[in-house]
Amino acid sequence: AQSVAQPEDQVNVAEGNPLTVKCTYSVSGNPYLFWYVQYPNRGLQFLLKYITGDNLVKGSYGFEAEFNKSQTSFHLKKPSALVSDSALYFCAVRTPGSQGNLIFGKGTKLSVKP
Amino acid sequence: NAGVTQTPKFQVLKTGQSMTLQCAQDMNHEYMSWYRQDPGMGLRLIHYSVGAGITDQGEVPNGYNVSRSTTEDFPLRLLSAAPSQTSVYFCASSRRVEGSPLHFGNGTRLTVT
């Protein structure tokens, strides 16, 4: 069965420090990988995606993610966290030909303290 | 540029009542879908559509119906509400191009008592 795991329910980071939100996946075939962010009482916003090519992808708001095929991971990173980055982050995966349906992880709450 | 619009934002139903959650998009996206979000469970796919007149079931379709008579609209119907359907519901759309990201509405928070 295809699945996405976000092993941490919550990540706490001090402002200015680097942050990492972890994601691993289990799918057949070559996956398309996505990160979304959700602010309170809002829908999910697209941050970045990996389709093919360079393993390091850059996205919105200074976020980036590294695709690692051997470890089946797609961790989200940012060199210097901001208090405004505090939100719920979702990793999602889609396989080619899956009609556009995404499988989501359970989400990781990121808390950035001043 | 409205994107994906969901109505209502909040709804309270009694067990056994029916209702329709509305979803409209103005981006001419072929693909539309409904997800429900529950604490600690991420988002789970209820139903989806790849174009007008075409719908299919997702992971958790029981108790829900959908139709897609136009490209723009994709309503979700609860036939007989149950407390287990208390959730936040999100509609999303995308182009039918490999790798296109989903665009989400702001959600409908439904409580069934």
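Preceding block: the structure.
Quick caveat: nothing in here was measured; it's all calculated off a predicted structure.

Engineer: Would you mind showing me how to read the overall build of chain A here?
Structural biologist: Secondary structure assignment for chain A yields 0 helices and 12 strands. Ordered by position in the sequence, the α and β elements of chain A form the string β-β-β-β-β-β-β-β-β-β-β-β. In terms of overall dimensions, chain A is globule-like: its C-alpha atoms have a radius of gyration of 14 Å, near the 13 Å expected for 114 residues. Here the C-alpha coordinates of chain A stretch approximately 45 × 30 × 20 Å along the principal axes.

Engineer: Honestly, the overall build of chain B in this entry has me stumped. Any pointers?
Structural biologist: Scanning chain B from terminus to terminus reveals 0 helices and 11 strands. Helices and strands appear in chain B in the N-to-C order β-β-β-β-β-β-β-β-β-β-β. Over its C-alpha trace chain B gives a radius of gyration of 13 Å, about what one expects of a compact globule, namely 13 Å for 113 residues. Along the longest, intermediate and shortest principal axes, the C-alpha atoms of chain B span 40 × 30 × 25 Å. Within the span of chain B, comprising 113 residues, buried residues form 50% of the whole. Contacts in chain B between residues at least 24 apart in sequence constitute 53% of all its contacts with a sequence separation of at least 6. Looking at chain B as shown, the accessible area adds up to about 5200 Å², and 49% of this sits on carbon and sulfur atoms. Here chain B carries 9 positive and 8 negative side-chain charges, and the mean point of each set is 9 Å from the other.

Engineer: Please clarify how the sheet that holds strand β1 (residues 4-7) of chain B should be interpreted in this entry.
Structural biologist: The strands making up a sheet associate through hydrogen bonds between their backbones, and the pairing can be parallel or antiparallel. Residues and elements named next belong to chain B. Spatial ordering of the open sheet is given by β1-β3-β8-β7, a layout of 4 strands whose pairing is antiparallel. The two strands at the open ends of the sheet, each matched to only one other strand, are β1 and β7 (64-66). Between one strand axis and the next, the sheet turns by 20° as a mean value, whatever way the strands run.

Engineer: Where do I start with the pairing of strand β8 (residues 64-68) of chain A in this structure?
Structural biologist: Side chains on a regular strand alternate between the two faces of the sheet. All names here are of chain A. Note: strand β7 (residues 56-58) against β8, 3 bridges, orientation antiparallel. In the strand pairing of β8, Val-57 is matched with Ala-65. Once β7 ends, the chain turns through 5 residues before running back antiparallel as β8, passing Tyr-61 with a positive phi of about 60°. Here β8 folds back onto strand β9 (residues 73-78) in antiparallel fashion, the turn holding 4 residues, of which Thr-72 has a positive phi close to 45°.

Engineer: In this structure, what is going on with the interface of chain A and chain B? I would like to understand it.
Structural biologist: How big an interface is tends to be expressed through the accessible area that disappears when the partners come together. Each partner contributes to the interface: chain A provides 23 residues, whereas chain B provides 22 residues. In total, about 1800 Å² of surface goes out of reach between chain A and chain B, with carbon and sulfur atoms giving 48% of it. Where chain A packs against chain B, one counts 1 salt bridge. Note that Arg-94 of chain A is salt-bridged to Glu-98 of chain B, the shortest N-O span being 3.8 Å. Where chain A packs against chain B, one counts 8 residue pairs in polar contact (both at pLDDT 80 or more). Of all the elements in the fold, those that place two or more residues in the side of chain A that touches chain B are β5 (32-38), β6 (44-50) and β10 (87-94) of chain A. A per-element tally of the side of chain A that touches chain B places β5 of chain A first, with 4 residues. Taken together, the residues of the side of chain A that touches chain B sort by class into 11 nonpolar, 8 polar and 4 charged.

Engineer: I'm lost on the state of the cysteines in this one. Help?
Structural biologist: What is meant by a disulfide is a covalent connection between two cysteines, made through their sulfur atoms. Residues and elements named next belong to chain A. Going through the model one piece at a time under the given rule, you end up with 2 disulfides over all chains. Linked covalently through their sulfurs, Cys-23 and Cys-91 form a disulfide whose S-S length is 2.0 Å. Sign of the S-S torsion, about -65° for the bond between Cys-23 and Cys-91, identifies this disulfide as left-handed. One end of the pair, Cys-23, is in the loop between β3 (19-21) and β4 (24-26); the other, Cys-91, is in strand β10, and 68 residues separate them in sequence. Taking relative accessible area as the criterion, Cys-23 reaches 0% and is therefore assigned buried.

Engineer: What is the right way to read the packing of aromatic side chains from this model?
Structural biologist: Between two aromatic rings, the relevant description is the distance of the centres plus the angle of the planes. Within the structure shown, the criterion is met by 15 aromatic pairs over all chains. On the basis of an interplanar angle of 20° and a centroid distance of 4.1 Å, the ring pair of Tyr-50 of chain A and Phe-67 of chain A is categorised as stacked. You can see Tyr-50 of chain A sitting in strand β6 and its partner Phe-67 of chain A sitting in strand β8, a full 17 residues away along the chain. Judged by its relative accessible area of 7%, Tyr-50 of chain A is buried. A relative accessible area of 7% places Phe-67 of chain A in the buried class. Aromatic rings pair up to connect Phe-34, Tyr-36, Phe-46, Phe-90 and Phe-104 of chain A together with Tyr-35, Phe-90 and Phe-104 of chain B into one cluster. Above the ring of Phe-74 of chain B, the side-chain terminus of Arg-68 of chain B is found at 6.0 Å from the ring centroid.

About the thresholds
Starting afresh in each chain, residues are numbered from 1 along the sequence in its written order. Working convention: letters from A go to chains and numbers from 1 go to ligands, in the order in which they are written. Restriction of local features to residues with pLDDT of at least 70 applies here, the model being predicted, together with a cutoff of 80 or more for giving and counting side-chain atom pairs; totals for whole chains, interfaces and linings are based on all residues. With hydrogens and water stripped out, all remaining heavy atoms of the structure feed into the side-chain values. Strands are runs of DSSP state E lasting at least two residues, helices are runs of H or I lasting at least four, and both sets are numbered from the N terminus onward. The globule rule used here is 2.2 Å times the number of residues to the 0.38 power, and the radius of gyration it is set against is calculated over C-alpha atoms. The buried label applies to any residue whose accessible area, calculated with a 1.4 Å probe on protein chains only, is under 20% of its type's maximum; exposed applies above 50%, and partly exposed to all values in between. Any two residues whose heavy atoms approach within 4.5 Å at even a single point are treated as in contact. Computed by Shrake-Rupley with a 1.4 Å probe, the accessible areas treat only the displayed protein chains as cover when residues are assessed. When charges are counted, Lys and Arg are positive and Asp and Glu negative, with His and the chain ends excluded. By convention, the point assigned to a charge is CZ for Arg, NZ for Lys, CD for Glu and CG for Asp. Two strands are counted as paired when DSSP detects at least two bridges linking them. Working convention: axes come from line fits to C-alpha atoms, limited for helices to the stretch in contact. Angles between N-to-C directions cover 0 to 180 degrees. The buried area of a pairing is the accessible area, by a 1.4 Å probe, that goes missing from both parts when the two are put together, added over both. By convention in these notes, a salt bridge is any Lys or Arg side-chain nitrogen within 4 Å of a carboxyl oxygen on Asp or Glu. Counted as a polar contact is a pair of N or O atoms within 3.5 Å, where, for protein atoms, one must be capable of donating a hydrogen and the other of accepting one, and residues adjacent in sequence contribute only when both atoms are in side chains. Here the nonpolar group is Ala, Val, Leu, Ile, Met, Phe, Trp, Tyr, Cys and Pro; Asp, Glu, Lys and Arg are the charged ones; every other residue, Gly included, is treated as polar. Sulfur atoms of two cysteines make up a disulfide when they are within 2.5 Å. The aromatic pairing rule takes the rings of Phe, Tyr and Trp, using the six-membered ring of Trp, and pairs them if the centres are within 6.5 Å, calling planes under 30 degrees apart stacked, those over 60 edge-to-face and the rest tilted. Any Lys NZ or Arg CZ that is within 6 Å of a ring centre and within 35 degrees of that ring's normal is treated as a charge sitting over the ring.

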